[in-house]
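Overview (structure and organization)
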Amino acid sequence: MTHDLKSETILVTGSGGVLGTALLQSLRQRGIEKVFAPGRADCDLLSESDVRRFFATARPTLVIHLAGWVAGVQGNLNFPADALYANARINLNVIDAARETGVKKIICAGTTAIYSDQVPKPMREDDLWQGAPHGSEAPYGHAKRFMLAQLEAYRQQHGIDFAYLICTNLYGQNDRFDQKHGHVVPSLIARFHQACADKSPEIMIWGDGTPTRDFLYSDDAAEGFLAAAEKGSGIYNLATGRNRTIRLLAETLKEVTGFAGKIVWDTSKPLGQLDRSYDVTRLQGLGWKAKTELPEGLKATFDWYAANQDKIRR
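On a predicted model such as this, the values are computed, not experimentally measured, just so you know.

Rules behind the numbers
Residues numbered from 1 in each chain as written. Predicted model: local features only at pLDDT ≥ 70, side-chain atom pairs only at ≥ 80, totals over all residues. Heavy atoms only, no water. Helix = DSSP H or I, 4+ residues; strand = E, 2+ residues; numbered from the N terminus. Expected span 1.5 Å × (residues − 1). Buried < 20%, exposed > 50% of the residue type's maximum accessible area, 1.4 Å probe, protein only. Contact = heavy atoms within 4.5 Å. Pairing = 2+ DSSP bridges. Axes fitted to C-alpha atoms, helices over the stretch in contact; angles between N-to-C directions. Salt bridge = Lys/Arg side-chain N within 4 Å of Asp/Glu carboxyl O. Parallel < 35°, antiparallel > 145°, perpendicular 65-115°, else oblique. Left-handed = near helix turned anticlockwise from the far one by under 90°. Nonpolar A, V, L, I, M, F, W, Y, C, P; charged D, E, K, R; others polar.

Turning next to helix α1 (residues 18-29). Taking 1.5 Å of rise per residue, 12 residues should cover 16 Å, and α1 covers 17 Å from first to last C-alpha, within 8% of that figure. If you check which residues of α1 are buried, you get V18, L19, G20, A22, L23, L24, S26 and L27. On its buried face, α1 sits against β1 (10-13), β2 (35-36), β3 (62-65), β6 (169-171) and α7 (218-231). Within two residues after α1, G31 carries a phi angle of roughly 75°, on the positive side.

Okay, structure coming up:
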């Protein structure tokens with residue numbers, strides 16, 4: 001079924017994050033006006049009563065659910081219970097409130113952390129239940145797998161259509177730039193910015209630089225969500241389809257930031273999952289394709305970060 005988004009009342013959770021702000025911008029550019037984008041002050045997604053109240057007032061017909069408790073490898077290792085509980089609670093509240101208010105379709109942000117490192121590469125959507133999520137992100141990955149199980153059960157019993165996008169490493173403006181617990185791109189951008197300001201002789205990065213990741217710019221990711229909202233149903237990998245080493249990421253950041261020091265690799269630290277590459281044929285079948293090259297996206301994100309120090313979320 002194709003959805004005319006201009007005819008829908010859309011509720012977007014997680015609208016203040018890296019993906020949410022890009023998505024709202026894309027909706028505005030398309031002239032879509034019936035959009036609710038509650039912040040935490042408007043609706044605490046961990047509170048079942050808050051979520052039900054907000055849904056009952058907004059009466060959305062389509063939900064784009066992006067919100068979640070997110071962190072990088074270190075954050076997931078330090079706070080596994082928080083990752084599992086908060087994500088499971090948020091997803092349960094949002095999806096059931098959508099059912100209660102008669103929402104026709106839900107588009108949800110999953111994560112590539114749901115994949116086991118034992119599945120064949122490139123990872124395909126049909127393999128996502130093979131093996132357990134990698135130990136470095138297992139609680140977070142299990143919570144996101146449970147959200148998919150909930151969506152499938154609600155479609156079977158209540159007839160609610162859904163699209164579940166398995167998101168690769170996203171980056172862009174309005175990210176959470178946490179140097180210690182954040183995702184790799186925003187944390188490294190913050191660290192390179194600090195190193196440039198301090199004129200540091202070196203910057204130390206975890207691991208040996210060999211693990212591969214697929215880095216997707218937030219504007220491209222937003223367009224992927226809207227393609228799924230309009231035409232998609234089921235499960236889709238959301239990625240560029242090109243994996244890059246962490247070493248290449250660091251060297252590209254060194255170039256675009258103008259850092260004059262040396263990159264030092266701390267091989268005593270964990271590497272995380274070694275290889276993440278994804279088959280994006282299914283989402284490209286909806287007419288979507290990533291457009292932003294890595295150096296271009298990193299430069300835009302770094303320039304925004306440098307110019308908006310008063311707005312940065314950490």
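If you walk across this open sheet you meet the six strands as β2-β1-β3-β4-β5-β10, and the pairing is parallel. In the strand order of this sheet, the two ends are held by β2 and β10 (234-238), each with one partner. With two bridges joining them, β1 and β2 adopt parallel strand pairing. Residue pairing in the sheet places L11 in a bridge with F36 of β2. Against the sheet, α1 contacts β1, β2 and β3, and its axis sits at roughly 155° relative to β1.

We now examine the pattern of salt bridges. The final tally for this structure, using the stated rule, is 15 salt bridges. Close ionic contact of E8 with K104 constitutes a salt bridge, the shortest N to O distance being 3.3 Å. One end of the pair, E8, is in the segment before β1; the other, K104, is in the loop between α4 (80-100) and β4 (105-111), with 96 residues separating them in the sequence. Look at K104 and you get partly exposed, because its relative accessible area is 42%. The closest approach of N and O atoms between K299 and D303, which form a salt bridge, is 2.7 Å. You can see K299 and its partner D303 sitting in helix α10 (residues 294-307), four residues apart, about one turn around the helix. K299 sits in the partly exposed class, given a relative accessible area of 40%. You can call D303 partly exposed: its relative accessible area is 35%. Counted as one network, the salt bridges with shared partners bring together E48, R52, D96, R99 and E100.

Looking now at helix α5 (residues 138-158). Counted at 1.5 Å a residue, the expected span for α5 with its 21 residues is 30 Å, and the 29 Å between its end C-alpha atoms agrees. Within α5, the full set of buried residues consists of A138, P139, Y140, G141, A143, K144, R145, M147, L148, Q150, L151 and Y154. Positive backbone phi, approximately 75°, marks G159, located one or two places after α5.

Interaxial distance between helix α6 (residues 184-198) and α10 falls to 10 Å at its minimum, and their mutual angle equals 55°. Judged on the interaxial angle alone, α10 and α6 are oblique. Of the two possible hands of crossing, α6 and α10 adopt the one that is right-handed. Contacts between α6 and α10 pair V185, I189, A190 and H193 from the former with L298, T301, F302, Y305 and A306 from the latter. Along the lines of polarity and charge, the residues of the contact of α6 with α10 split into seven nonpolar, two polar and no charged.

Coordinates in, geometry out; function isn't part of it.
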